[in-house]
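Listed below, chain by chain, are the residues.
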Amino acid sequence: MIWAGYLTVGMIFVYCWNLVSETTIWMFVWDAHNQAVDLGERMVPPKWDYMSKLWWPIWDTLNIATLGTVLALIMAVPVAFFAARNTTPSTVILRPIALFIIVASRSINSLIWALMLVTILGPGVFAGIIAIGLRSIGFCAKLLYEAIEEIDEQQVEAIRATGASGPQILVYGVVPQILPAFAGISVFRWDINIRESTVLGLVGAGGIGLQLNASITNLAWTQVSLILLVIIATVVLSEWVSAKVRHAII
Amino acid sequence: MLRLQNLKKQYKTGDLALKGVDLEVPDGQIMALIGPSGAGKSTLIRCINRLVEPTGGKVFLNELELSNLGAGALRRARRRMGMIFQEYALVERLSVMENVLSGRLGYVGFWRSYLRKYPQSDVDEAFRLLGRVGLDHMVDKRADELSGGQRQRVGICRALAQDPELLLVDEPTASLDPKTSRQIMRLICELCKERKLSAIINIHDVMLAQMFAERIVGLKLGEIVYDGPPDGLTSDVLTEIYGEEDWEATIRKVDEDENGESEGEADGHLAPILDRDRMAGAT
Amino acid sequence: MTGIAYTPGRRWKKPPLITSPLLRWSLGLGIAVYLALALGTTEIDWGRVAEGIPRGLRFITGFFPPDFVTRWDEIFQGISESLWMTVISTVVGIALSIPIGLGAARNLAPRPVYYFCRAVLAVSRSFQEIIIAIFCVKLFGFGPFAGFVTLSFATIGFYGKLLAEDIEDMDPVQAEAVRATGAGWFQWLNYAVQPQVLPRMIGLGLYRLDINFRESAVVGIVGAGGIGATLNTAFDRYEFESAAAILLIIIAIVMAVEYTSSFVRKWVQ
Ligand SMILES: Nc1ncnc2c1ncn2[C@@H]1O[C@H](COP(=O)(O)OP(=O)(O)O)[C@@H](O)[C@H]1O
Ligand SMILES: [Mg+2]
């Protein structure tokens, strides 16, 4: 049984490999190590004084991630309540719609969202914020609705038994139970969004990716290496912040 | 007065949990509902406040028919019925005070409750109730920091904060140790007497039921098989409700317990609470 | 009234979440200032946005109905390229991440190997796939081979880290029991380590397959093969009906992969 599994995977693999190798120019591949050495040489040392031109893009990147996350959370909350089996107002219409929103938002990478939004709204930070927001709705709503489905129904029932209205039941019975999950999800997604917003500029949606794109096009490799260092630093910093915040919440 | 008429419940799974129950609970009566697990005790009290929708029959609370009320009227009716749960069912991440005040949700509007701006009279009542059960020193503790007995007292306060005329109590002692169980049962019964509430108390512990209730109803497979005073629970009746078993020991033990009760309890936890309440009542 | 009893008129306010008022206020103020600055410095060209609304509407109407036919050849080519890339990069990525994951497990590997493997994982996880893709295209030329290398590298970062953590968390008693029988290192891996981590690893592998497919749709934007290039062209030419078709296909495949993998995961466990 297990061997049959391995065999199937192996056969699919070999088939796919043949298809890829047909479209590959192997000469380039064999030459790749020379290219890599060459590129490496051209990238050091990083051009440190370019840093002064990067502060503003860094600020933009941070804003794209943060505002995008806030936007996503605002939209994800109702979607999650519509998607959770135990809080949805209608299983037949609203729940499938909410689930579709979640799948659609999650299937499409933020870069593709950005690509679309840049064509529609024009290039800039605004498109980036919306792209991050749209991409994150699905992620946040999915985790949130799973948390809602896992709540202790007894506590909700107890509130219902007091004669509370629908909104009161939500606020007293459901919300306190999912608040920790909500906080965790927000921070977690914010951390991911910092990473994602560093590259949105490649398609024109603002942030440090714009400088990266421009430097690559101009073959300004010393600027590229500086930007990569800045990206690593930002990512490490945001990971540290989110770990701290998550620790403080729990 | 509460009246059930031919109350039926069939779950979607096909289980026939109640097979046409007729029952009348006069004002101020404390009734214990006993029966083996799966008899339909929880289903019965949940059908009264319609946490579970009955599939047949009628429920009247003071001539108001509950079984066909619309959503708004049902909420107003639920305010009149306090419910106490086996697992306490406190909202664990809210404070003791918030849990007690949540008993007032049926009376205050959304924003008031959301912003925790309850009328001072509600807050007064909540403090009074918490004082009565001996928890007024931990109003801002989170509910999940309390012990089982303390949680159940908060649950009692929440139910009473509703200013109900009927208490629906579902296995209040099933998660508590024997001593705390008695204290909680005594507290519930005393509060019912003070406030002239009627109560339906689901309980699987026959001894406790006999000790505290004025009337006992035995339920078996969704049907009432006994309805009478506590001392009518003979070994035959218990066999009828629970099946074959040696019941003599249970019955005798209850008698002994009742004799030894008054001395044993003097140093119990509840004594100072009762004193305190007497003082409050005396002023 | 004896003080022990309740006092009418005693006030109650919900205690604030953050008890120190100084911290509470400065936190609130900080957030307000940040939001004001962030929103203030975000340049939004409302004229351009207004201009974009009809275009956005056209894009939405592009979904009713989407146009699968006109660009079918390119779409088919792109999707199948994405699919191969996904499969081989998942397999190769996982195969490579097993030695690296073993090397990055503190309880298995000697120190120098441990630090080296951890460094590889850190680099792989710090950069977005798209940045790696840019470099791969520079090194290997345009086409799916660059995408394949990118996704494999990203898979190593994801899978190797989780594998290392799983091995570090595994039950030492069970592992010791096998070692006590005098088994060699490879036997030990095979009998003690593998059964403990394998079921979860199969689940994660399927999860990574899903991620790799989604990522394969973007690496094409920088020329590393797959459906991304087709999508990019569709947007550039304002062919919203074709773009809608591509998006729907991506969504459908992601759903199918997700559904299959949840099914397989249940079956494995
Ligand atoms: N939510 C439910 N869905 C289906 N059947 C249920 C449900 N709750 C209870 N039942 C069934 O109804 C019967 C009575 O249950 P219950 O009222 O909980 O009994 P008790 O409280 O006396 O132990 C049992 O046979 C039980 O299996
Ligand atoms: Mg029960």
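Predicted model, so just to flag it, every value in this text is computed and none were measured.

### Digging into the pattern of salt bridges
If the charged atoms of two oppositely charged side chains come close together, the side chains can form a pair.
Then, in step 1: Under the counting rule described, the total for this entry stands at 27 salt bridges over all chains.
Then, in step 2: Ionic pairing is found between B:Arg46 and A:Glu157, a salt bridge with its closest N-O pair at 2.6 Å. Residue B:Arg46 is located in helix α1 (residues 41–48), and its partner A:Glu157 is located in helix α8 (residues 153–161); the two belong to separate chains.
Then, in step 3: With relative accessibility at 11%, the residue B:Arg46 sits in the buried group.
Then, in step 4: Salt-bridge contacts for B:Glu171 lead to B:Lys41; the nearest nitrogen and oxygen are separated by 3.9 Å. With B:Glu171 in the loop between β7 (166–170) and α7 (178–195) and B:Lys41 in helix α1, the pair connects residues that are 130 residues apart, well separated along the chain.

### Description of the side chain of C:Ser82
Residue and element names in this part refer to chain C.
Then, in step 1: Position of Ser 82 relative to the elements: it lies in helix α3 (residues 72–103).
Then, in step 2: Among the residues examined, Ser 82 registers a relative accessible area of 0% and is labelled buried.
Then, in step 3: Apart from the residues within four sequence positions on either side, Ser 82 is in contact with Phe 213, Ser 216, Ala 217, Gly 226 and Ile 227.

### Remarks on the site of ligand 1
Residue and element names in this part refer to chain B.
Then, in step 1: All residues adjacent to ligand 1 are Tyr 11, Thr 13, Asp 15, Ala 17, Pro 36, Ser 37, Gly 38, Ala 39, Gly 40, Lys 41, Ser 42 and Thr 43.
Then, in step 2: Note that a nitrogen atom of ligand 1 is positioned 3.3 Å from one of the side-chain N or O atoms of Tyr 11.
Then, in step 3: For ligand 1, an oxygen atom lies 3.0 Å from a polar atom in the backbone of Gly 40.
Then, in step 4: Protein chains bury 63% of the 560 Å² of accessible surface belonging to ligand 1 in isolation.
Then, in step 5: In terms of residue count, the dominant contributor to the shell around ligand 1 is α1 (3 residues).
Then, in step 6: Here the shell around ligand 1 is built from residues that sort into 4 nonpolar, 6 polar and 2 charged.

### Description of the confidence of the model for chain C
Segments scoring low in pLDDT should not have their predicted coordinates read at a detailed level.
Residues and elements named next belong to chain C.
Then, in step 1: When the pLDDT values of chain C are averaged, the result is 82; 94% of them are 70 or greater.
Then, in step 2: Across chain C, the secondary-structure element scoring lowest on mean pLDDT is helix α7 (residues 172–180), at 70, and the one scoring highest is helix α1 (residues 21–41), at 89.
Then, in step 3: What the predictor reports for the complex is a pTM of 0.84 with an ipTM of 0.84.

### Details of the environment of B:Lys12
Then, in step 1: Counting through the fold element by element, B:Lys12 comes out in the loop between β1 (2–10) and β2 (16–25).
Then, in step 2: Separated by 116 residues in the primary sequence, B:Lys12 and B:Arg128 place their C-alpha atoms 43 Å from one another.

### Section: the interface of chain A and chain C
Then, in step 1: On the side of chain C, 51 residues touch chain A, which itself brings 59 residues to the contact.
Then, in step 2: Counting every contact that joins chain A to chain C gives 1 salt bridge.
Then, in step 3: Among the salt bridges present, the one from C:Glu258 reaches A:Arg106, with a minimum N-O distance of 2.5 Å.
Then, in step 4: There are 9 residue pairs in polar contact (both at pLDDT 80 or more) connecting chain A and chain C.
Then, in step 5: Tallying contributions element by element places helix α6 (residues 110–121) of chain A first for the side of chain A that touches chain C, with 8 residues.
Then, in step 6: Across the side of chain A that touches chain C, the residue classes tally to 44 nonpolar, 10 polar and 5 charged.

### Topic: helix α9 (residues 227–236) of chain C
All names here are of chain C.
Then, in step 1: Buried residues dominate α9, accounting for 7 of its 10 residues.
Then, in step 2: For α9, the full list of buried residues reads Ile 227, Gly 228, Thr 230, Leu 231, Asn 232, Ala 234 and Phe 235.
Then, in step 3: Downstream of α9 by one or two residues, Tyr 238 has phi in the positive range, about 55 degrees.

Thresholds applied
- Residues numbered from 1 in each chain as written.
- Chains lettered and ligands numbered in written order.
- Predicted model: local features only at pLDDT ≥ 70, side-chain atom pairs only at ≥ 80, totals over all residues.
- Heavy atoms only, no water.
- Salt bridge = Lys/Arg side-chain N within 4 Å of Asp/Glu carboxyl O.
- Helix = DSSP H or I, 4+ residues; strand = E, 2+ residues; numbered from the N terminus.
- Buried < 20%, exposed > 50% of the residue type's maximum accessible area, 1.4 Å probe, protein only.
- Contact = heavy atoms within 4.5 Å.
- Near = heavy atom within 4 Å.
- Polar contact = N/O pair within 3.5 Å; in protein donor to acceptor, adjacent residues only side chain to side chain.
- Areas by Shrake-Rupley, 256 points an atom, 1.4 Å probe, with all protein chains shown as cover.
- Nonpolar A, V, L, I, M, F, W, Y, C, P; charged D, E, K, R; others polar.
- pLDDT = per-residue confidence, 0-100.

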